[in-house]
Amino acid sequence: MSFNLHTHTTRCNHASGTDEEYVLQAIQNGYDVIGFSDHAPHIFPQGHKSGFRIPCDMAQDYAESIRALKEKYRGIIDIKLGFELEYYPDLFNKEIEYLKGFEYDYLILGQHFTDNEYEDYAKYSGSETNSVAVLDKYISQAILGAKSGYFSYIAHPDLINFVGDNDVYIKKMTHFVGRLKEIGIPLEFNFLGFTKGRNYPNDDFWKIVSSMGNDVVIGLDAHSPDVYSDKENLQFAHEYLSKLGIEPMNSITITNHKSEKEILR
């Protein structure tokens, strides 16, 4: 594995280690490209303050730190500046214009909430639900995000924790994966969820992906630098996918803030 585009920093309040420690671990373990994609700062209405993303007053520091490391390690490793972002329909266009000011290299879609995250009815996607309406909302928002053209891939597309009728889940996710295949956006096999035994990766979901033939990328979702040295579990992840007939991508096209394309190998 020569690249990883899913890396967080301490600014999101649930990661550890310095920015440079991630870079050094990536270099030591043979990575050619590392992308930082911390949870995007967001200007919310009603004065909402998120507890899991970069605060707006730390966003410039984040961008400057990653760009400084990019220059420091130029010729040794390729470092990209990115954000992990939700698709919230009412806020999306304004948010994209805000993020463009940081001249990011790429965005990844991580739909952590349906609807949004600041209303009383907001639903965290990883919370158990037997509501088909919530499942449908997750799918529809993720599809709209994928269709926007701003995202390079979808992080943990199986994050939605539906515990209702499994036949319904399979039917709905077959539609979801098929639409994403049509759009042509890669799907992330999430290494963090795999190693921590979370509700994702979901076996049924990845069987559907295998049958559909979607492009797949492994994302470390690194919240500590030592994740880059976890070669044993990374091998297990490759074996899991191999048994399903899935070969992860060894290159990926990213879209930057100017909608220009770059192929990472």
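Whatever comes next refers back to the structure up there.
We now turn to the structure provided with this report. Worth saying up front: this structure is predicted, and the values here are computed from it rather than measured.

**Considering the state of the cysteines**
- For the coordinates displayed, the defined rule picks out zero disulfides.
- With no disulfide of its own, cysteine 12 lies closest to cysteine 56 among cysteine sulfurs, the gap being 15 Å.
- For cysteine 12, a relative accessible area of 0% puts it in the buried group.
- Given a relative accessible area of 37%, cysteine 56 falls into the partly exposed group.

**Quick look at the side chain of glutamate 86**
- Here glutamate 86 is to be found in the loop between β3 (78-85) and α3 (92-100).
- Looking at glutamate 86, the relative accessible area reads 1%, which means it is buried.
- Side-chain polar atoms of glutamate 86 contact the side chain of arginine 53, separated by 2.8 Å.
- Separated by 2.6 Å, the side chains of glutamate 86 and histidine 112 make a polar contact.
- Those residues in contact with glutamate 86, other than ones at most four positions away along the chain, are Phe52, Arg53, Phe92, Leu109, Gly110, Gln111, His112, Phe113 and Glu117.

**A short note on the pattern of salt bridges**
- The tally for this structure, following the rule as stated, stands at 13 salt bridges.
- Across the salt bridge formed by arginine 53 and glutamate 86, the nearest N and O atoms sit 2.8 Å from each other. Taken as a pair, arginine 53 in the loop between β2 (33-39) and α2 (59-72) and glutamate 86 in the loop between β3 and α3 lie far apart in primary sequence, 33 residues in all. A single burial state applies to arginine 53 and to glutamate 86, both of which are buried.
- The closest approach of N and O atoms between aspartate 78 and lysine 70, which form a salt bridge, is 3.5 Å.
- Note on aspartate 78: relative accessible area 25%, which makes it partly exposed.
- The network of salt bridges with common partners includes Lys70, Asp78, Lys80 and Glu262.

**Considering the packing of helix α5 (residues 166-183) against helix α7 (residues 203-212)**
- At a closest axis distance of 9 Å, the pairing of α5 and α7 adopts a crossing angle of 40°. It follows that α5 is oblique to α7 by the angle criterion. Handedness of the crossing formed by α5 with α7: right-handed. Side by side, α5 and α7 meet where Asn166, Tyr169, Ile170, Met173, Thr174, Phe176, Val177, Gly178 and Lys181 of the first sit next to Asp204, Phe205, Ile208, Val209 and Met212 of the second.
- Class assignment of the residues belonging to the contact of α5 with α7 gives a composition of nine nonpolar, three polar and two charged.

**Quick look at the nonpolar core**
- Among the nonpolar cores identified, the biggest contains 65 residues, and Ile79, Phe83, Met173, Phe176, Phe205 and Trp206 are the most heavily contacted of them.
- In terms of residues, this core owes the most to one element, helix α4 (residues 132-147), which gives seven residues.
- Beyond its immediate sequence surroundings of up to four residues, phenylalanine 176 is in contact with Tyr138, Ile139, Ala142, Ile143, Pro157 and Phe205.
- Counting residues in hydrophobic clusters, the runner-up holds eleven residues, among them Val33, Ile108, Tyr153 and Ala155.

**Some thoughts on unusual backbone geometry**
- Residues tyrosine 200 and proline 201 are joined by a peptide bond in cis, for which omega reads 0°.
- Turning to its location among the elements, proline 201 is positioned in the loop between α6 (191-196) and α7.
- Even without being a glycine, asparagine 13 presents a positive backbone phi close to 75°.
- Backbone geometry at serine 259 places phi at a positive 65°, although glycine is not the residue there.
- Along the chain, serine 259 falls in the loop between β10 (252-255) and β11 (261-264).
- Of the residues examined, serine 259 reaches a relative accessible area of 48% and is grouped as partly exposed.

**Observations regarding the packing of aromatic side chains**
- Following the criterion strictly, the structure yields 19 aromatic pairs and no others.
- Ring geometry for tyrosine 62 versus phenylalanine 83: centroids 5.5 Å apart, planes at 50°, classification tilted. Here the residue tyrosine 62 occupies a position in helix α2, and phenylalanine 83 occupies one in strand β3, the gap between them amounting to 21 residues. The exposure classification of tyrosine 62 matches that of phenylalanine 83, with both residues buried.
- Between phenylalanine 189 and phenylalanine 194, the aromatic rings sit 5.5 Å apart at their centres with planes inclined by 55°, giving tilted as the arrangement.
- Classification of phenylalanine 189 as buried rests on a relative accessible area of 0%.

Thresholds, definitions, all that
The residue numbers shown here count from 1 along each chain, following its written sequence. The model is predicted, so local features are restricted to residues of pLDDT at least 70 and side-chain atom pairs to those at 80 or more, both for listing and for counting; the totals for chains, interfaces and linings are taken over all residues. In computing side-chain values, all of the structure's heavy atoms are included and hydrogens and water are not. We call a pair of cysteine sulfur atoms a disulfide when they lie within 2.5 Å. Between buried and exposed lies partly exposed: a residue is buried under 20% and exposed over 50% of the maximum accessible area for its type, with that area taken using a 1.4 Å probe on protein chains only. In this description a helix means any DSSP run of H or I spanning at least four residues, a strand means any run of E spanning at least two, and both kinds are numbered starting from the N terminus. Under the rule applied, a polar contact is a pair of N or O atoms within 3.5 Å (in protein, one hydrogen donor and one hydrogen acceptor; residues adjacent in sequence only if both atoms are side-chain atoms). What makes two residues a contact is simply this: any of their non-hydrogen atoms within 4.5 Å. Any Lys or Arg side-chain nitrogen located within 4 Å of an Asp or Glu carboxyl oxygen qualifies as a salt bridge. Lines are fitted to the C-alpha atoms to define the axes, a helix being fitted only along its stretch in contact, and any angle between axes, read from their N-to-C directions, falls within 0 to 180 degrees. Every angle not falling under 35 degrees, over 145, or within 65 to 115 is termed oblique; those three ranges are roughly parallel, roughly antiparallel and roughly perpendicular. In this scheme the crossing of two helices becomes right-handed for a clockwise turn of the near helix relative to the far one and left-handed for an anticlockwise turn of less than a right angle. Three classes are used: nonpolar for Ala, Val, Leu, Ile, Met, Phe, Trp, Tyr, Cys and Pro, charged for Asp, Glu, Lys and Arg, and polar for all others, with Gly counted as polar. By nonpolar core we mean a set of buried residues, namely Ala, Val, Leu, Ile, Met, Phe, Trp, Tyr and Cys, connected to one another through side-chain atoms within 4.5 Å. Each Phe, Tyr or Trp ring, with Trp reduced to its six-membered ring, pairs with another whose centre is within 6.5 Å; inter-plane angles below 30 degrees give stacked pairs, above 60 give edge-to-face pairs, and intermediate values give tilted ones.

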